[in-house]
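Spelled out, the chains give:
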Amino acid sequence: MENRKYTIEALDAIKRREYWIKEQDLDILVKPIPETDEAGAMDPRFYESVAPMMKGFKGALVKLVMKVGSKSGGNIQKGAKQMRRMMNGIKSVPIIDTVNVREETIRYDSVSVSIRIYTPKEKKEGLAPVFYYIHGGGFVAGSMDVVDEMCKLVVEKTGCVAVQPEYRLAPENPYPNGFDDCYNVLKWIYTHAEEFGGDHEKICISGDSAGGNLATVCAMKDRDEGTHMVKVQALLYPTVDAAHMEENMKKNKEIYEISEKYSTVLNGMLDMMGSSLSKPTLGEYLGVPDDTIPYVSPSLGNLKGMPPTLILLGEYDFLRVEDDIFAGRLKKAGTEVKLIRYKGLSHGFADQVGVMPQAEDALQEIGSFMMEHLS
């Protein structure tokens, strides 16, 4: 199957032209825009997708809606509805036809959770590593469908098996319902992996944005309980500090390198995300009175004994400051950590498989990191 909206040459250029930098005692692998080295530039595919929302009449309308919403006192239900409109669309195009997919329902206590299981059509001898992926969506949106092609791609590239859950979403299901679902699916995988060709001693947990949060807090609880189910984690632009999100987002403007050509779009996008995530806050969406607790803001918790960690994000991600801080704290705690930064991109690029070459590159990096640590 070949439906990519970019050339293989563009994909190869990302890896061929990558380079390392050092910032605040962190070694960072920088992935360039395939077509240019222009400082402060946006990836042209990303620019085309967001510019119409930030410029002209439509841009003015979006900003007005956000401004009115921020003054309305932060209606949680309205905010969740707005986030679902933004995040529930499928942005990938199908490029994988070598993976079998089936759905099951697991049960714990009185709860039922739908899961999706991915296995290679061409099975190899022996048991394969398990890639456990948790979708993002600000804890209130997203679905298995949004990240379906992501899971297929990792399975095709590595020969692993994969599982993802349709966990319960806030605000209708406040914390810790979604977290409990994800952690109990992890326990189910550990018990049942062999039934679908997986090795329960080789589990990599992964997720994007809010799903990255849920992935790392599952790994944290696994460590706290001494069960050692998770051997490695790969996090795409995870939200890891709900308590200081607004403060950290303001710091982003101090470190972004933005060309004047793209300043209107990038600053507008950052302002829009600041408005949508400050009122209501993530803690208010989740229904937690204290958003500093480690199972909500893992960056504020004890990070000793966490599994080897890969963190991937865009240069203009609104979570860049908190993710860089999280990587530094993991390293200081003695955890092996690899940080990858994609030039010219912001939040949410990885679910655009077949559309953005960086999405495919990021999932290849995740697959390689997983296999290096589980082989």
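On a predicted model such as this, the values are computed, not experimentally measured, just so you know.

Caption draft 1: Spatial organisation of the side chain of Thr335. Following the sequence through the fold, Thr335 ends up in the loop between helix H11 (320-332) and strand E10 (337-342). In terms of polar contacts, Thr335 uses its side chain to reach the backbone carbonyl oxygen of Leu303, at 3.4 Å. Residues contacting Thr335, with those up to four places away along its chain left out, are Leu303, Met306, Pro307, Pro308, Thr309 and Leu330.

Caption draft 2: Molecular detail of the packing of helix H6 (residues 177-192) against helix H7 (residues 210-224). Look at H6 against H7: their axes get within 10 Å of each other, and the N-to-C directions meet at 60°. In this structure, H6 meets H7 at a crossing whose hand is right-handed. Judged by residue contacts, Gly178, Phe179, Cys182, Tyr183 and Leu186 of H6 engage Leu214, Val217, Cys218, Lys221 and Asp222 from H7. Each residue belonging to the contact of H6 with H7 can be placed in one class, and the counts come to 7 nonpolar, 1 polar and 2 charged.

Caption draft 3: Just the nonpolar core, in detail. Counting 119 residues, the largest nonpolar core has Phe131, Tyr132, Ile189 and Leu236 as its most contacted members. Among residues more than four places away in sequence, those in contact with Phe131 are Val154, Cys160, Val161, Ala162, Val163, Cys204, Ser206, Ile366 and Met370.

Caption draft 4: Highlighting the confidence of the model for the chain. When pLDDT is averaged along the chain, the result is 93, and 94% of the positions lie at 70 or above. Mean pLDDT in the chain bottoms out at helix H3 (residues 56-71), which sits at 50, and peaks at strand E5 (residues 128-134), which reaches 99. Of the regions scoring below 50 in pLDDT, residues 68-73 engages in 2 contacts with residues more than four places distant in sequence or in other chains.

Caption draft 5: Structural view of the pairing of strand E2 (residues 26-31). With 5 of 6 residues buried, E2 lies mostly within the body of the structure. Of the pairings in the sheet, the one linking strand E1 (residues 19-23) to E2 comprises 5 bridges and is antiparallel in character. Among the inter-strand pairings, Trp20 is bridged to a residue of E2, identified as Leu29. Hairpin connection of E1 to E2: 2 residues between the antiparallel strands, including Gln24 at a positive phi of 50°.

Caption draft 6: Inspection of the sheet that holds E5 at higher detail. The sheet built from 10 strands is open, its strands ordered E1-E2-E10-E9-E8-E7-E5-E6-E4-E3 with mixed pairing. A single partner strand is all that each edge strand has here, and the edge strands are E1 and strand E3 (99-108). With direction set aside, neighbouring strand axes in the sheet form an average angle of 25°. Where E5 meets strand E7 (residues 198-208), 6 bridges bridge the pair, whose relative direction is parallel. Across the sheet, the residue bridging to Val130 is Ile203, located in E7. Sheet strands in contact with helix H12 (residues 357-374) are E2, E5, E7, strand E8 (230-236), strand E9 (309-314) and E10, and its direction is about 165° off that of E8.

Caption draft 7: Fine view of the packing of aromatic side chains. For the structure on display, the rule yields 9 aromatic pairs. Ring centres 5.7 Å apart and planes at 35° place the aromatic pair Phe131 and Tyr133 in the tilted group. Since its relative accessible area comes to 0%, Phe131 is described here as buried. Relative to Tyr295, the ring of Phe179 has its centre 5.3 Å away and its plane inclined at 65°; by these criteria the two rings are edge-to-face. Note that Phe179 is positioned in helix H6 and Tyr295 in the loop between helix H10 (282-286) and E9, a separation of 116 residues in sequence. Each residue in the set Tyr175, Phe179, Tyr183 and Tyr295 is aromatic and connected to the rest through ring pairs, giving one cluster.

Caption draft 8: Structural detail: H11. Along its 13 residues, H11 runs 18 Å from first to last C-alpha, staying within 8% of the 18 Å computed at 1.5 Å per residue. Among the residues of H11, Arg320, Val321, Glu322, Asp323, Asp324, Phe326, Ala327 and Leu330 are the ones counted as buried. Immediately downstream of H11, the backbone of Gly334 shows phi near 95°, a positive value.

Caption draft 9: Here's a closer look at the environment of Leu127. Looking at where Leu127 falls in the secondary structure, it is placed in the loop between strand E4 (111-120) and E5. Owing to a relative accessible area of 44%, Leu127 belongs among the partly exposed residues under this scheme. Not counting chain neighbours up to four residues away, the residues in contact with Leu127 comprise Glu194, Gly197, Gly198 and Asp199.

Caption draft 10: Summary view of H12. Over its 18 residues, H12 runs 26 Å from end to end, which matches the ideal 26 Å to within 8%, given 1.5 Å per residue. Taking burial as the measure, the 18 residues of H12 include 14 buried ones, the bulk of the element.

Caption draft 11: The arrangement of the pattern of salt bridges in detail. Taken as a whole, this structure holds 29 salt bridges when the rule is applied. Among the salt bridges present, the one from Glu247 reaches Lys251, with a minimum N-O distance of 3.5 Å. With Glu247 and Lys251 both in helix H8 (residues 245-255), this residue pair falls 4 residues apart, about one helical turn. Since its relative accessible area comes to 41%, Glu247 is described here as partly exposed. With a closest N to O distance of 3.3 Å, Arg341 and Asp324 form a salt bridge. In this pair, Arg341 is assigned in strand E10 and Asp324 in helix H11, connecting sequence segments 17 residues apart. The exposure class assigned to Arg341 is buried, which follows from its relative accessible area of 5%. Through salt bridges that share partners, Lys15, Glu18, Lys31, Lys338, Asp361 and Glu365 make up one connected network.

Rules used throughout
Residues numbered from 1 in each chain as written. Predicted model: local features only at pLDDT ≥ 70, side-chain atom pairs only at ≥ 80, totals over all residues. Heavy atoms only, no water. Helix = DSSP H or I, 4+ residues; strand = E, 2+ residues; numbered from the N terminus. Polar contact = N/O pair within 3.5 Å; in protein donor to acceptor, adjacent residues only side chain to side chain. Contact = heavy atoms within 4.5 Å. Axes fitted to C-alpha atoms, helices over the stretch in contact; angles between N-to-C directions. Left-handed = near helix turned anticlockwise from the far one by under 90°. Nonpolar A, V, L, I, M, F, W, Y, C, P; charged D, E, K, R; others polar. Core = buried A, V, L, I, M, F, W, Y, C linked by side-chain atoms within 4.5 Å. Buried < 20%, exposed > 50% of the residue type's maximum accessible area, 1.4 Å probe, protein only. pLDDT = per-residue confidence, 0-100. Pairing = 2+ DSSP bridges. Phe/Tyr/Trp six-rings, centres within 6.5 Å; stacked < 30°, edge-to-face > 60°. Expected span 1.5 Å × (residues − 1). Salt bridge = Lys/Arg side-chain N within 4 Å of Asp/Glu carboxyl O.

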